[in-house]
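# Summary of the model geometry
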Amino acid sequence: MLCIVGHAQDVNVEDKQQLQKECLQCHVKQQIPSALIYRRYLMKYSTFERMEKAMFSYIKKPDQKHSIMPPQFFLKFPMKESLILDDDTLKKMIKSYLNTFDVKKKLVLPQ
């Protein structure tokens, strides 16, 4: 039997602060559930590498038809604007995002 518990993530403080500044503050302000978005990417792409590549492509050029979210989502939430980040920083932020919301880090075996 598996239990789900909250644990500190393997994201360093500086990366977490930059992720908050560059990405999550808008998600929170617009009430877009980041954990839900993570789970949708996980269900569709299934691996960290594929999720990372899909997120990078979408963030570089946001387009509703390439979004992981269903069309109804955009009736409530605005289309994402392109981030003005260099590719290396964007990749770092995506990795930080994926590590922050990684469901595997919340699974533990009961003792």
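Refer to the structure above for everything that follows.
Residues numbered from 1 in each chain as written. Predicted model: local features only at pLDDT ≥ 70, side-chain atom pairs only at ≥ 80, totals over all residues. Heavy atoms only, no water.

## A word on the overall build of the protein
When helices and strands are counted, the protein shows five helices and two strands. Considering only contacts within the protein whose residues lie at least 6 apart along the sequence, 72% involve residues at least 24 apart. A total accessible area of about 7,800 Å² is found for the protein, and carbon and sulfur atoms account for 56% of it. (Helix = DSSP H or I, 4+ residues; strand = E, 2+ residues; numbered from the N terminus. Contact = heavy atoms within 4.5 Å. Areas by Shrake-Rupley, 256 points an atom, 1.4 Å probe, with all protein chains shown as cover.)

## Observations regarding the packing of aromatic side chains
Here the distance between the centres and the angle between the planes together describe a pair of aromatic rings. As enumerated under the stated definition, the model contains four aromatic pairs in all. Site record: aromatic cluster; members linked through ring pairs are Phe73, Phe74 and Phe77. (Phe/Tyr/Trp six-rings, centres within 6.5 Å; stacked < 30°, edge-to-face > 60°.)

## A word on the nonpolar core
With 26 residues, the main nonpolar core has Tyr41, Ile94, Tyr97 and Leu98 as its most contacted residues. With six residues, the top contributor of residues to this core is helix α3 (residues 48-60). Setting aside residues up to four positions removed in sequence, leucine 98 forms contacts with Tyr38, Phe48, Met51, Glu52 and Met55. (Core = buried A, V, L, I, M, F, W, Y, C linked by side-chain atoms within 4.5 Å. Buried < 20%, exposed > 50% of the residue type's maximum accessible area, 1.4 Å probe, protein only.)

## Structural notes on unusual backbone geometry
With phi around 55°, glutamine 31 is a residue other than glycine that occupies positive phi space. On the secondary structure map, glutamine 31 appears in the loop between α1 (13-29) and α2 (34-45). Even without being a glycine, serine 46 presents a positive backbone phi close to 65°. Within the fold, serine 46 resides in the loop between α2 and α3.

## Some remarks on the side chain of threonine 89
Mapped onto the elements, threonine 89 comes out in helix α5 (residues 87-100). A polar contact of 2.8 Å, which involves the side chain of threonine 89, links it to the side chain of aspartate 86. (Polar contact = N/O pair within 3.5 Å; in protein donor to acceptor, adjacent residues only side chain to side chain.)

## Details of the environment of leucine 85
Counting through the fold element by element, leucine 85 comes out in the loop between α4 (73-76) and α5. Separated by 25 residues in sequence, leucine 85 and lysine 60 have C-alpha atoms that sit 9.0 Å apart. Residue contacts for leucine 85: discarding those within four places in its chain leaves Glu22, Lys60, Leu90 and Met93.

## Details of the packing of α3 against α5
Running from amino to carboxyl end, α3 crosses α5 at an angle of 130°, the nearest separation of the two axes being 10 Å. Judged by the inter-axis angle, α3 sits oblique to α5. The chirality of how α3 crosses α5 is right-handed. Of α5, the residues touching α3 (which contributes Phe48, Met51, Glu52, Met55, Phe56, Ile59 and Lys60) are Asp87, Leu90, Lys91, Ile94, Lys95, Tyr97, Leu98 and Asn99. Residues of the contact of α3 with α5, tallied by class, amount to nine nonpolar, one polar and five charged. (Axes fitted to C-alpha atoms, helices over the stretch in contact; angles between N-to-C directions. Parallel < 35°, antiparallel > 145°, perpendicular 65-115°, else oblique. Left-handed = near helix turned anticlockwise from the far one by under 90°. Nonpolar A, V, L, I, M, F, W, Y, C, P; charged D, E, K, R; others polar.)

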